[in-house]
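Breakdown of the fold
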Amino acid sequence: MAVRLCRLFLLCPLLLSVQGGKYSRDANENRSDRETVEFRIRKLDQMWRKPRGEAPNAVSCFFHQLHLSPVQLAELHSDLKIQEKDELNWKKLKADGLDDDGEKEAKLRRSLNVIMAKYGLDGKKKTQAEESNFVKDDKDNYILTDPRLEKLWNKAKTLGKFSEEELEKLWREFIHHKEKVEEYNILLDTVSRTEEIHKNVISPEEYEVKEEVLHGKHTDLKERLRSINQGYDRLRKLSHEGYVTEREFNEPRVNDLWDMAKEANFSDSELESIKEELKHFETKIEKHQHYQKQLEISHEKLKHVAGTGDKDHLMRSKEKHNMLTEKIKELGYKVKKHLQDLSSRVSKGGLRHNEL
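Below you will find a few notes about this structure. (Residues numbered from 1 in each chain as written. Predicted model: local features only at pLDDT ≥ 70, side-chain atom pairs only at ≥ 80, totals over all residues. Heavy atoms only, no water.)

1. Side note on the packing of aromatic side chains
- Summed over all chains, the structure comprises five aromatic pairs.
- Considering the side-chain rings of Phe249 and Trp258, the 6.3 Å spacing of their centres and the 80 degrees angle between planes classify their relative orientation as edge-to-face.
- Under the relative-accessibility criterion, Phe249 is labelled buried at 2%.
- Chaining the aromatic ring pairs together yields one cluster made of Trp153, Trp171 and Phe174.
- If you follow Arg148 out to its NZ or CZ, it ends over the ring of Tyr232, 4.1 Å from the centre.
- Over the aromatic face of Tyr243 sits the side chain of Lys169, whose NZ or CZ is 4.3 Å from the ring centroid. (Phe/Tyr/Trp six-rings, centres within 6.5 Å; stacked < 30°, edge-to-face > 60°. Buried < 20%, exposed > 50% of the residue type's maximum accessible area, 1.4 Å probe, protein only. Lys NZ or Arg CZ within 6 Å of the ring centre and 35° of its normal.)

If you want it as structure tokens, here you go:
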């Protein structure tokens, strides 16, 4: 028996080399049917497994400390699905030679870094787990990390000018602003590292091409910083004055898109069409948030029922919990994909009508 095992271990490297290694197309996309996988790309599947306690023993301890809620797990699933779709599309583009400057690949890396930072998968110590699209009743359990934002939020809570509904709306704006800052910092770090690499370029022709790519990244940074400064000024004003003048939409992400559209060269009729589509999009977000709240309630109920020992009740609660989880995964993907499509189309200055 021992001899057979030794022979098997000796054969393993040979089998791996024949199959192309862990980074081959076969390894990433055509996994064994006996292995249940959620994502075709191995690194994304591993990211999904780890917070759910399915990591190897060596690292599972770390990910058990993340304490991701059911809503956060569903949100992570949606983000990874979007990332997977973009990465698979990029592989096709690369095979056709359509990403020579590596800009799309760099964008994918930034996107993955944002996901890892957002859910604490980057290994960096976080004081609290944070949620982006869901507002808990006890908002004091979450940390905005920026002392200026903390000060503004505390000011708003004690001001007495906000209803409970308005406070939830304002909290979503604070979280949205925090995410924009995090994305800006990741892009800034990427650009800094890219500039260091470009200093070693020898070919003048290659230098000109890379300078053009860097110029585009700096333009993106300036636009993001301008949006962040405008957002902070708005939060500062809101925290002191309340919602004196209502904006077109309740959701900060939708308002951002609307602001972008108004600054672009759209005709009045095109703007009306955009506004109508954004209303549909906001409705989709609100539906998603409704199910998120229902999942949190279901999660608390499930923990309570588990302690009663009522097996039938526990089974029904689990079924409802699983149903809500799948619903949120589906809606989360649709919301984020729609946001991605709208952002791309508005930023390019043209928005074709999209049937929802």
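From this point, the discussion proceeds with the structure in view.
2. A closer look at the nonpolar core
- Counting residues in hydrophobic clusters, the biggest one holds 15 residues, and the most contacted among them are Leu144, Leu149, Trp153, Phe162, Leu170, Phe174 and Leu235.
- Listing elements by their share of this core, those giving two or more residues are α7 (147-159), α8 (164-198) and α9 (204-241).
- Once you skip the residues sitting within four places of it in the chain, Leu235 turns out to touch Leu149, Leu152, Leu170, Glu173, Phe174 and His177.
- Counting residues in each nonpolar core, the second largest holds 14 residues, with Val254, Phe266, Leu271 and Val335 among its members. (Core = buried A, V, L, I, M, F, W, Y, C linked by side-chain atoms within 4.5 Å. Helix = DSSP H or I, 4+ residues; strand = E, 2+ residues; numbered from the N terminus. Contact = heavy atoms within 4.5 Å.)

3. A short note on the pattern of salt bridges
- Applying the stated rule across the entire model yields 25 salt bridges.
- With its nearest N and O atoms 3.3 Å apart, the salt bridge here joins Glu87 to Lys43. Residue Glu87 is located in helix α5 (residues 70-95), and its partner Lys43 is located in helix α3 (residues 42-49); the two are separated by 44 residues in the primary sequence.
- By sharing partners, the salt bridges in this structure join Glu75, Asp79, Lys118 and Lys336 into a single network. (Salt bridge = Lys/Arg side-chain N within 4 Å of Asp/Glu carboxyl O.)

Nothing here speaks to function; it is geometry throughout.
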